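# Structural overview
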Amino acid sequence: IFADTKGKIIVRPSMRPVAGWLALSDHRVFEILRDNEPAVLLNEGDPESLTQIQRNQALHAYVNRYGRGGWRGLSVPHIQIHRFASSDLAEEINHLWKVGIENTEVREIVLALIAAGRIAHCVDIARDVSCNIDAPSFERTLALEALIALEDPLLKSIAVEISVGGVLWPDK
């Protein structure tokens with residue numbers, strides 16, 4: 001399943017799905033993935049079956065591994081976001097967001113988790129991003145989707161602001 005290449009442990013590409021499923025029942029496989037290729041824990045297998053501690057560890061490892069720098073071509077399938085999302089991730093998400101996530105793809109994944117898991121304790125993140133004129137428009141859209149999922153009372157004032165063409169909401 002794993003290979004050691006240039007001093008790094010990687011998952012053989014053809015074995016990524018197998019490793020994701022094995023991580024659910026074999027703690028050693030989970031730890032190797034967490035420490036070396038945390039994307040497998042979100043993208044493969046059934047992340048809903050991970051314990052909450054494992055989900056927190058997987059998210060922490062994912063953000064620490066991929067959250068710095070620019071575009072990396074990262075994505076997590078929508079169904080996996082839904083399977084992984086949990087309101088119990090709130091504390092970890094708030095901590096990671098506060099520390100800082102540079103990579104927009106990772107920020108988008110975190111916003112999608114907030115929406116999919118209806119994580120009410122992360123509503124401030126969604127509010128801040130949705131109203132941040134400097135944030136990328138897709139990121140702002142995901143933040144609005146999170147606010148919609150959370151049925152946030154701020155949505156009404158945002159909708160009014162958008163409809164009148166306020167400064168915070170450019171035409172595009």
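Described below are features of the structure shown in this document. (Residues numbered from 1 in each chain as written. Predicted model: local features only at pLDDT ≥ 70, side-chain atom pairs only at ≥ 80, totals over all residues. Heavy atoms only, no water.)

Once that is clear, we can look at the overall build of the protein chain. Of regular secondary structure, the protein chain possesses 10 helices and two strands. The C-alpha radius of gyration computed for the protein chain amounts to 17 Å, which stays within 12% of the reference 16 Å derived for 172 residues, consistent with globular compactness. Each principal axis of the C-alpha distribution contributes one length, and for the protein chain these read about 55 × 30 × 25 Å. Buried residues in the protein chain amount to 45% of all 172 residues. Sequence separation of at least 24 residues holds for 63% of the intrachain contacts in the protein chain that already meet a minimum separation of 6. When the accessible surface of the protein chain is summed, it comes to about 9400 Å², and 53% of that surface belongs to carbon and sulfur atoms. Distance from the positive charge centre (18 side chains) to the negative charge centre (23 side chains) of the protein chain: 5 Å. (Helix = DSSP H or I, 4+ residues; strand = E, 2+ residues; numbered from the N terminus. Rg over C-alpha atoms; globule rule 2.2 N^0.38 Å. Buried < 20%, exposed > 50% of the residue type's maximum accessible area, 1.4 Å probe, protein only. Contact = heavy atoms within 4.5 Å. Areas by Shrake-Rupley, 256 points an atom, 1.4 Å probe, with all protein chains shown as cover. Lys, Arg positive; Asp, Glu negative; His and termini not counted. Charge placed at Lys NZ, Arg CZ, Asp CG, Glu CD.)

Another aspect to go through is the pairing of strand E2 (residues 8-11). Of the pairings in the sheet, the one linking strand E1 (residues 2-5) to E2 comprises four bridges and is antiparallel in character. From the neighbouring strand, threonine 5 faces E2, where its bridge partner is lysine 8. Counted along the chain from E1 to the antiparallel partner E2, the turn is two residues long, and its residue lysine 6 has a positive phi close to 55°. (Pairing = 2+ DSSP bridges.)

Moving on, we come to the state of the cysteines. Using the criterion set out here, one finds zero disulfides in the structure. Its sulfur unpaired, cysteine 122 is 17 Å from the next cysteine sulfur, which belongs to cysteine 131. (Disulfide = S-S within 2.5 Å.)

We now examine a nonpolar patch on the surface. Together, Ile1, Val18 and Leu22 line one region of the surface with nonpolar side chains, adding up to about 190 Å² of accessible area. Secondary-structure assignment places leucine 22 in helix H1 (residues 16-22). (Patch = residues over 30% accessible without salt bridge, like charges linked within 9 Å, V, L, I, M, F, W, Y side chains within 5 Å. Salt bridge = Lys/Arg side-chain N within 4 Å of Asp/Glu carboxyl O.)

Turning our attention to helix H4 (residues 52-66). Between its terminal C-alpha atoms H4 stretches 21 Å, which fits the 21 Å expected from 15 residues at 1.5 Å a residue. Those residues of H4 lying buried are Gln54, Arg55, Ala58, Leu59, Ala61, Tyr62, Val63 and Tyr66. Taken together, the buried residues of H4 touch helix H2 (27-36), helix H3 (39-43), helix H5 (78-84), helix H6 (90-99) and helix H7 (104-116). (Expected span 1.5 Å × (residues − 1).)

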